[in-house]
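# Geometric and topological summary
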Amino acid sequence: MDGTTRPPDPGGLPVLGNVRELASDALGFYERRSGHGGVVRYDVFGTESYLVSDPEAIRRVLVADHDRFVKGEMPREQLGGLLGDGLFLAEGEAWREQRAAIRSAFFRERVAAYGDSMVERARATAESWEDGAVVDAHAASTEYAFVVLAESLLGTDIERERETVREAAEAITERFDMRRPTSFLPEWLPTPTNRRYRRRLDALREAIRGVVADRRAVDPPTDPAAADDLLGTLVAAAELGALDDDELVDNAVTFLFAGHETSALGLTYALYCLADTPDFQARVHAEAAALDGDPTPADLRECPLLTAAVDEALRSYPPVHSFFREPTEPVSLDGYRVPAGVVLTLSPWAVHRDGRWWDDPETYRPERWLRDVEGGIAHGDDRPGPAIGERPEYAYFPFGGGPRHCIGMRFARQELRLAVATLLRRVRLEPVTTDLSLRASANTRPDGPVRVRAFSRDEPLDDRDPFTKVDE
Ligand code: HEM
């Protein structure tokens, strides 16, 4: 191919395009389509779309040629009412200014300072579980991730708006549930779901406006880098004129949603996977138990097994199953010509499950991230699958890549590891839900409770009555 051929189009229905296939199983659709080539066409209600699953083409879009792509119309049509002109959707100079103003909230030392809250909340979660109880890992992780985010990034004020946030989150999940074909339509169409979504979003924005106003009223910080939390950084950036009042609220909402459900899902899948692999769970427990007390962010460098457990959960079940770009000019990708203005879909889900890059991709196997080194084991290799270095860099991209990679990546990786280590020091998990069923909304969500049974580590586990009733 010489860069003038159009990508293959395995076909869809006139008008509807591939909506039906996407609605019945979006994750399977992405997986199947990626089997047709590195760049493959599909259509959604007449919108020309391309699934890009060749890792080198993904690297070009996100990193090497990033300035030839924007987030584009589609994410804005879908998410504009929620995220406004916040960091996630902003483009060009406005995005650059915001990212520069906000980045200090995610510097290493600032993120490390959130560690205490991450550990303390995980400890409280473990302590709330009775020995042998069946718990819904998804519900527990959602509660956990919300409180951690509220405490460390947005200040405790947001906790009083818990119910408003929960209702908005519910409306968002319904709005973006890809099983409903109308979820592919813009939010301004007055469907009942869209109306409910709008109402709850307005309530949320009102609540956030109140939280922001309270913070501004009391001694507003003026140096973004010196603020105690993200809200302080945002308020300081607004005081300096780097954000206007609407952008300030847009960003508070953006961070609440970009940072809450994604981390909750990452933790849910890590706990589910570890419950299902008792041998590896025992090794992670041994690593965490050998620490001098509950983990600190600095300890994480010495925890290759824990890190592998989390990285592999994010490979197996990437919380963000796909995200989008739009070329601003015709581009050549994987040898094909792709026109300007179309939707490009980049899907961690499809690429993480591609047998060309991953041995036995459907199996959760954290060992693939480990290698033996003199005196022990280290994180950073994949055996017996292709080794890091042999595998293209963008065969794994749960946090996106390039200048617009997830600004919360360090926060999330620290949070997930601290939570897993703190929990596993106290409980041993056994699977109850054994057949995880997923559905694609804006994120990769479980289709129901994800049950695990938690046995307290304080109890002599061998004396346990093996016939205890499952209290589901
Ligand atoms: C496991 C947890 C997480 C995952 C899997 C995840 C994934 C992602 C991905 C794939 C992107 C890139 C989207 C794109 O390029 O279109 C992204 C961007 C973003 N994420 Fe995360 N994220 C996580 C946690 C967080 C947290 C904890 C926060 C904040 C506290 C956060 C805030 C953001 C923001 C603001 C952006 C937009 C950045 C920009 O465009 O400059 N995320 N995330």
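Residues numbered from 1 in each chain as written. Predicted model: local features only at pLDDT ≥ 70, side-chain atom pairs only at ≥ 80, totals over all residues. Heavy atoms only, no water.

Below, the discussion takes up the coordination of the iron atom of the ligand. Within the protein, just one atom coordinates the iron atom of the ligand: Cys-406 (SG), at a distance of 2.3 Å. Mapped onto the elements, Cys-406 comes out in the loop between strand S10 (376–379) and helix H16 (409–426). (Donors = N, O, S within 2.8 Å, 3.2 Å for Na, K, Ca; no water. Helix = DSSP H or I, 4+ residues; strand = E, 2+ residues; numbered from the N terminus.)

Turning to the packing of aromatic side chains, a few remarks are in order. For the structure shown, the criterion picks out twelve aromatic pairs. The interplanar angle of 65° and the centroid separation of 5.6 Å between the aromatic rings of Tyr-114 and Phe-411 together place this pair among those described as edge-to-face. You can see Tyr-114 sitting in the loop between helix H6 (108–113) and helix H7 (115–127) and its partner Phe-411 sitting in helix H16, a full 297 residues away along the chain. By relative accessible area, Tyr-114 is classed as buried at 4%. By way of ring pairs, the aromatic residues Tyr-269, Tyr-272, Tyr-317 and Trp-349 are connected into one cluster. The ring of Phe-88 is capped by Lys-71, whose NZ or CZ atom sits 3.7 Å from the centre of that ring. Over the face of the ring belonging to Trp-358 we find Arg-315, whose NZ or CZ atom lies 5.2 Å from the ring centre. (Phe/Tyr/Trp six-rings, centres within 6.5 Å; stacked < 30°, edge-to-face > 60°. Buried < 20%, exposed > 50% of the residue type's maximum accessible area, 1.4 Å probe, protein only. Lys NZ or Arg CZ within 6 Å of the ring centre and 35° of its normal.)

Our focus in this paragraph is the nonpolar core. If you look at the biggest cluster of nonpolar residues, it comprises 132 residues, and the most contacted ones within it are Phe-106 and Leu-256. Considering every element that reaches this core, the biggest residue donor is helix H12 (residues 245–276), with 16 residues. Among residues more than four places away in sequence, those in contact with Phe-106 are Val-111, Leu-153, Leu-230, Phe-255, Ile-407, Gly-408, Arg-410 and Phe-411. (Core = buried A, V, L, I, M, F, W, Y, C linked by side-chain atoms within 4.5 Å. Contact = heavy atoms within 4.5 Å.)

This part is about the confidence of the model for the protein. Summarising the model, the protein shows a mean pLDDT of 86, and 90% of its residues fall at 70 or more. Note that pLDDT drops below 50 for residues 381–387; the model gives that stretch 25 contacts with residues more than four away or on any other chain. Note on residues 459–472: pLDDT under 50 across the span, and 18 contacts to partners over four residues away in sequence or across chains. (pLDDT = per-residue confidence, 0-100.)

As a further point, take the packing of helix H13 (residues 278–289) against helix H14 (residues 304–316). As a packed pair, H13 and H14 sit with axes 8 Å apart at the nearest point and diverge in direction by 135°. On the basis of the axis angle, H13 is oblique to H14. The handedness of the crossing between H13 and H14 is left-handed. Across the interface between the two elements, Phe-280, Arg-283, Val-284 and Glu-287 of H13 pack against Pro-304, Leu-305, Leu-306, Ala-308 and Ala-309 of H14. Taken together, the residues of the contact of H13 with H14 break down into seven nonpolar, no polar and two charged. (Axes fitted to C-alpha atoms, helices over the stretch in contact; angles between N-to-C directions. Parallel < 35°, antiparallel > 145°, perpendicular 65-115°, else oblique. Left-handed = near helix turned anticlockwise from the far one by under 90°. Nonpolar A, V, L, I, M, F, W, Y, C, P; charged D, E, K, R; others polar.)

What follows covers the sheet that holds strand S2 (residues 47–52). Reading across from one edge, S1-S2-S8-S5-S3 is the order of the five strands in this open sheet, with mixed pairing throughout. Edge positions in the sheet fall to strand S1 (39–44) and strand S3 (69–70), since each of these pairs with one other strand and no more. Two elements, S3 and strand S5 (residues 323–327), share two bridges in a ladder whose sense is antiparallel. If you follow Phe-69 over to S5, its bridge partner there is Pro-327. Its contacts with the sheet put helix H3 (residues 55–64) on S2, S3, S5 and strand S8 (343–346), and the angle it makes with S8 is roughly 115°. (Pairing = 2+ DSSP bridges.)

Quick look at the pairing of S1 now. With five of its six residues buried, S1 lies for the most part within the structure. Bridge count for S1 against S2 is six bridges, and the pairing is antiparallel. Across the sheet, residue Arg-41 finds its bridge partner in S2, namely Tyr-50. What sits between the antiparallel neighbours S1 and S2 is a turn of two residues, in which Phe-45 has the positive phi angle 45°.

Since the α-helix advances by 3.6 residues per turn, residues separated by three or four positions end up pointing in the same direction. Where helix H5 (residues 92–102) is concerned, the buried positions are Trp-95, Gln-98, Arg-99, Ala-101 and Ile-102. Projected down its long axis, H5 carries its buried residues within an arc of 165°, all on one side. (Arc of directions from axis to C-beta.)

Before going further, it helps to spend a moment on the side chain of Thr-345. By secondary structure assignment, the location of Thr-345 is in strand S8. Using a relative accessible area of 0% as the deciding quantity, one classes Thr-345 as buried. Residues contacting Thr-345, with those up to four places away along its chain left out, are Tyr-30, Tyr-42, Tyr-50, Leu-51, Val-52, Ser-322, Phe-323 and Phe-324.

All right, on to the environment of Gly-266 then. Assignment of secondary structure puts Gly-266 in helix H12. Its relative accessible area of 3% is what places Gly-266 among the buried residues. Considered as a pair, Gly-266 and Ser-141 are 125 residues apart in the sequence and their alpha carbons are 8.6 Å apart.

Near the ligand you find 26 residues, and of these Lys-71, Trp-95, Arg-99, Arg-325 and Cys-406 are the closest. Contact between the ligand and Ala-258: a nitrogen atom at 3.4 Å from a main-chain N or O atom of the residue. For the shell around the ligand, the secondary-structure elements that each account for two or more residues are H5, helix H8 (137–154), H12, S5 and H16. Sort the elements by how many residues they give to the shell around the ligand and H12 lands first, with five residues. Considering only residue class, the shell around the ligand consists of 17 nonpolar, five polar and four charged. (Near = heavy atom within 4 Å. Polar contact = N/O pair within 3.5 Å; in protein donor to acceptor, adjacent residues only side chain to side chain.)

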